[in-house]
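Each chain is listed here by its residues.
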Amino acid sequence: MQKHIDSYDFKGKKAIVRVDFNVPLDGDFNITDDTRIRAAMPTLKKILGDGGALIIMSHLGRPKGVDAKFSLKHILAHVSKCLGVDVKFAADCQKADAEAASLRMGEALLLENLRFYAEEEGKPRGLAEDASDEEKKAAKAAVKESQKGFVKKLASYADCYVNDAFGTAHRAHASTALIASYFPEDKMFGYLMEGEIKAIDNVLKNAAHPFTAIIGGSKVSSKLAVLENMLEKVDNLIIGGGMGYTFVKAQGGKIGNSLHEDELIPEALEILKKAKEKGVKIFISKDTVVADSFSNDAASKTVPSFEIPDGWEGMDAGEQSLAAWKEVILGSRTILWNGPVGVFEMPSFAKGTLRIAELLAEATDKGAYTLVGGGDSVAAVTRMGFAKKVSYVSTGGGAMLEALEGKELPGIAAVRE
Ligand code: AMP
């Protein structure tokens, strides 16, 4: 049965904690953004504070085997600094018996990158490109078989299991999903994970209405499942960014050189039809800031979104669109934002996305629940300084996207089961 971190007493217990320390490193292995490390600190500190011991496990990057470039040793000093204790290091996550056994309460041990082993992901490695289906099947079966021993070994180090790695919660990996079954009475989420789950529930299960989703970004194809799930939940759906032009074209609009996916026009039309049947109001941009090339210094002007001239491409939402969206956003009690409404990386075309961030802050101030999650909208609110002005900013891109698609995440299911 699932336990709760706040009511669990870690005193005298060794806790194996899955965190997401997959942080970006520069060429000299300096951490360039330690958000993920800091995000796990409340959980790690609670365990030490209770009088427990920590065995911390994570992946870093996408190694294809043991590879010093992806060693968690690079982040050891920083983790020690954040945690305030000298964290020990186990150079092989499968041979840490002695280090785990000698760990005293109040101490912490960081295991080397889990993905040095294929068993973590449960996917075979090193298969020849021309491998037959039979060979692929056999290799998969072999890694699944050896995965059992891999998980058992990790579990043997500890008395309880805490999953605080929301960023990998959508992966059914050894350390995120399989290990939980070894701790039927001693498994739980960490604080970060609890916060993310609550945020998801606040929009998918307990949303106050009117509920508005703002879905932007580049491609309809990567957000189709989110759009479909949102139709079941929301009152208003704002479709912005590059993906909006597929919807404009589907309705007979002229989109010039704007980003679009012709093969998704039937799906776009189906979404519009379903929205009508369900009484969901769809808001597509009325006007668009267009440019004569995909560059910050391009010539630009604002035109109606259905009449983009040849040679021009949509880069940002225009003033009329933003005025219409403002009314919807400020009239909502729950707002979900996923994906920028323009090419926000270019300052000339970041205005629309900045305005959405400002409107979300204003709505939050007035009492709405606002969640920013999945994809580049998180980078946008963080970079624009709005992260603290909305109700919640998710730390997991892919995991949040899958949650918004309505999928049950394996890392969450394994603890709840
Ligand atoms: P996503 O990862 O799907 O949320 O997409 C984010 C990307 O969409 C960002 O890199 C934006 O620059 C891009 N994007 C937003 N609006 C447009 C647009 N009108 N044309 C091209 N790319 C866009």
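Our subject is the structure listed above.
Since the model is a prediction, treat every value here as computed from it, not as a measurement. (Residues numbered from 1 in each chain as written. Predicted model: local features only at pLDDT ≥ 70, side-chain atom pairs only at ≥ 80, totals over all residues. Heavy atoms only, no water.)

Trainee: Got a sec to walk through the environment of glutamate 185? Specific residues and values, please.
Mentor: Examined against the element boundaries, glutamate 185 turns out to sit in the loop between strand 6 (160-163) and strand 7 (187-189). Sequence spacing of glutamate 185 and lysine 3 is 182 residues, and the spatial spacing of their C-alpha atoms is 7.3 Å. Excluding residues within four positions of it along the chain, glutamate 185 makes contact with Met1 and Lys3. (Helix = DSSP H or I, 4+ residues; strand = E, 2+ residues; numbered from the N terminus. Contact = heavy atoms within 4.5 Å.)

Trainee: Lay out the site of the ligand with the relevant residues and their values.
Mentor: Around the ligand, the structure places 16 residues, and the nearest of them are Lys223, Gly242, Gly314, Gly342 and Glu345. In this structure, serine 218 approaches the ligand through a main-chain N or O atom, which is 3.1 Å from an oxygen atom. Between glycine 242 and the ligand, the recorded distance is 3.1 Å, taken from a backbone N or O atom to a nitrogen atom. Coverage of the ligand by the protein amounts to 84% of the 500 Å² it exposes when considered alone. Residue composition of the shell around the ligand, by class: 6 nonpolar, 7 polar and 3 charged. (Near = heavy atom within 4 Å. Polar contact = N/O pair within 3.5 Å; in protein donor to acceptor, adjacent residues only side chain to side chain. Areas by Shrake-Rupley, 256 points an atom, 1.4 Å probe, with all protein chains shown as cover. Nonpolar A, V, L, I, M, F, W, Y, C, P; charged D, E, K, R; others polar.)

Trainee: Describe helix 12 (residues 376-383), listing the residues and the values that go with them.
Mentor: Ser377, Val378, Ala380 and Val381 are the residues of helix 12 that are buried. For helix 12, the arc enclosing every buried residue in end-on projection is 160°, short of the 170-degree limit, so these residues lie on one face. With its phi angle positive at about 80°, glycine 385 sits one or two positions after the end of helix 12. (Buried < 20%, exposed > 50% of the residue type's maximum accessible area, 1.4 Å probe, protein only. Arc of directions from axis to C-beta.)

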